[in-house]
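Chain residues, written in single-letter form:
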Amino acid sequence: MGRIDNILGKDMKKILLIADMEGCCGLYDMTDAKECRYRMESELKYILDTLHQMGYVDMAVLDCHNDGKTLMSFCEENNIKFYNHIWSLNDAQEYDCAFLIGFHSKKGVEGYFSHTIRPDIDQVLLGENDIGEVELLINWMAFYGVPVVYISGDESVKSELE
């Protein structure tokens, strides 16, 4: 709880949680859809609960995994504002900060489920730089003036961003 508290200022009241699946804690096999959903929901719930305990209540979830509907029922059951995928977010500039949860490395970087958006995409370039989903989302949020203040994912995400 202390780590999150150190990165959030009290002026950051409206938080966007952008979630993917492949980098969620304890996920090493994508063949069991029920287990995968459980892992994704568990990681998200832990972060939501931590933020609630700290007094943050204005949060929304954007589901980036596949069709963007993996977390839909979880969010409905817990009365959380929900966006199914990035193209449904039309008010990004209204958020004070963003969290990226459960992310993975880009295609070509060693990791459990490395890819960039879809398996058939070999490379995404920002200028001359080859970037993955995390860097793409960081830059997209920066365009709207929304800092990404927290990233969780597999070990390869950390090495990719260093």
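Look up: the structure comes first, before these words.
Residues numbered from 1 in each chain as written. Predicted model: local features only at pLDDT ≥ 70, side-chain atom pairs only at ≥ 80, totals over all residues. Heavy atoms only, no water.

## Considerations on the side chain of serine 156
1) Next: Note on placement: serine 156 falls in helix α5 (residues 155–161).
2) Next: Of the residues examined, serine 156 reaches a relative accessible area of 6% and is grouped as buried. (Helix = DSSP H or I, 4+ residues; strand = E, 2+ residues; numbered from the N terminus. Buried < 20%, exposed > 50% of the residue type's maximum accessible area, 1.4 Å probe, protein only.)

## With respect to the sheet that holds strand β2 (residues 58–63)
1) Next: Strand order in the open sheet formed by five strands is β3-β2-β1-β4-β7, with parallel pairing between adjacent strands. Where the open sheet ends on each side, the last strands, each with one partner, are β3 (81–84) and β7 (148–153). Adjacent strand axes in the sheet meet at a mean angle of 15° when their direction is disregarded.
2) Next: Pairing of β2 with β3 involves four bridges; the strand directions are parallel. By the bridge assignment, leucine 62 is partnered in β3 with tyrosine 83.
3) Next: Here helix α4 (residues 133–143) sits on the sheet and contacts β1 (14–19), β2, β4 (97–103) and β7; the angle it forms with β4, its principal contact strand, is near 170°. (Pairing = 2+ DSSP bridges. Axes fitted to C-alpha atoms, helices over the stretch in contact; angles between N-to-C directions. Contact = heavy atoms within 4.5 Å.)

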